[in-house]
Amino acid sequence: MVVANGLLGGTEPVGDSDLKHAVALREAIRSVIGANSGSKVYPVDIATLNEAAAASGLRMRFGADGKPRLEPEATGVVAAMGRIVAAMYAAMEDEDWTRLKLCSSQACKWAFYDRSKNHSSRWCTMASCGNREKARRFRSQTKTHA
């Protein structure tokens, strides 16, 4: 997947520590997206994002089209994580960033794009997580009142 999306070349080695860093980066990004749903962003997540940006040596570069973009100076997995941070930065510059949210289901926590008019969606899909959460809440309330 990383190779298919141009984040990493097919011959570059990837180790267990790289996987740990990638998972930490994913969770940090999830935390920042969660802020769009009112969740707290923890300092460790900010530190993880800052470290990925710094380690990759992100620098602004102008392309042939004259448009600026962030590109890593590093290579390998570190560069791939830098490209992910750069993509996140570009997404945050777009006004639609606030529509990116985390599913409210504790079992899910998938990121989703809130297409509702009033930006109030709470679940990635109503058919799965939304209905499950409503049913769980209803059963909990029924037990309390019984």
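Residues numbered from 1 in each chain as written. Predicted model: local features only at pLDDT ≥ 70, side-chain atom pairs only at ≥ 80, totals over all residues. Heavy atoms only, no water.

Draft legend 1. Molecular detail of the pattern of salt bridges. With the rule as written, the count across this model stands at 6 salt bridges. When the shortest N-O distance is used, the salt bridge between Glu-73 and Arg-59 registers 2.9 Å. Placement of Glu-73 in the loop between β2 (68-71) and α3 (76-93) and of Arg-59 in strand β1 (residues 59-62) is noted, with a sequence separation of 14 residues between them. Residue Glu-73 is classed as partly exposed on the basis of its relative accessible area of 44%. When the shortest N-O distance is used, the salt bridge between Glu-71 and Arg-69 registers 2.7 Å. Overall, Glu-71 belongs to the partly exposed group, its relative accessible area being 28%. One salt-bridge network, held together by shared partners, links Arg-26, Glu-27 and Arg-30. (Salt bridge = Lys/Arg side-chain N within 4 Å of Asp/Glu carboxyl O. Helix = DSSP H or I, 4+ residues; strand = E, 2+ residues; numbered from the N terminus. Buried < 20%, exposed > 50% of the residue type's maximum accessible area, 1.4 Å probe, protein only.)

Draft legend 2. Representation of helix α2 (residues 43-56). With 14 residues, α2 should reach 20 Å at 1.5 Å per residue; the first-to-last C-alpha distance of 20 Å fits that figure. Of the residues making up α2, those classed as buried are Asp-45, Leu-49, Ala-52 and Ser-56. Buried residues along α2 cover an arc of 60° about the axis, so they all sit on one side. Turned more than 90 degrees away from the buried face of α2 sit Pro-43, Val-44, Asn-50, Glu-51 and Ala-54, all of them exposed. (Expected span 1.5 Å × (residues − 1). Arc of directions from axis to C-beta.)

Draft legend 3. Structural view of helix α1 (residues 16-34). Here α1 contains 19 residues, and its C-alpha end-to-end distance of 27 Å stays within 8% of the 27 Å for a straight helix at 1.5 Å per residue. For α1, the complete set of buried residues consists of Asp-18, Leu-25, Ala-28, Ile-29, Ser-31, Val-32, Ile-33 and Gly-34. Turning to α1, the residues buried within the fold contact α2, α3, β3 (100-102) and β4 (111-113). (Contact = heavy atoms within 4.5 Å.)

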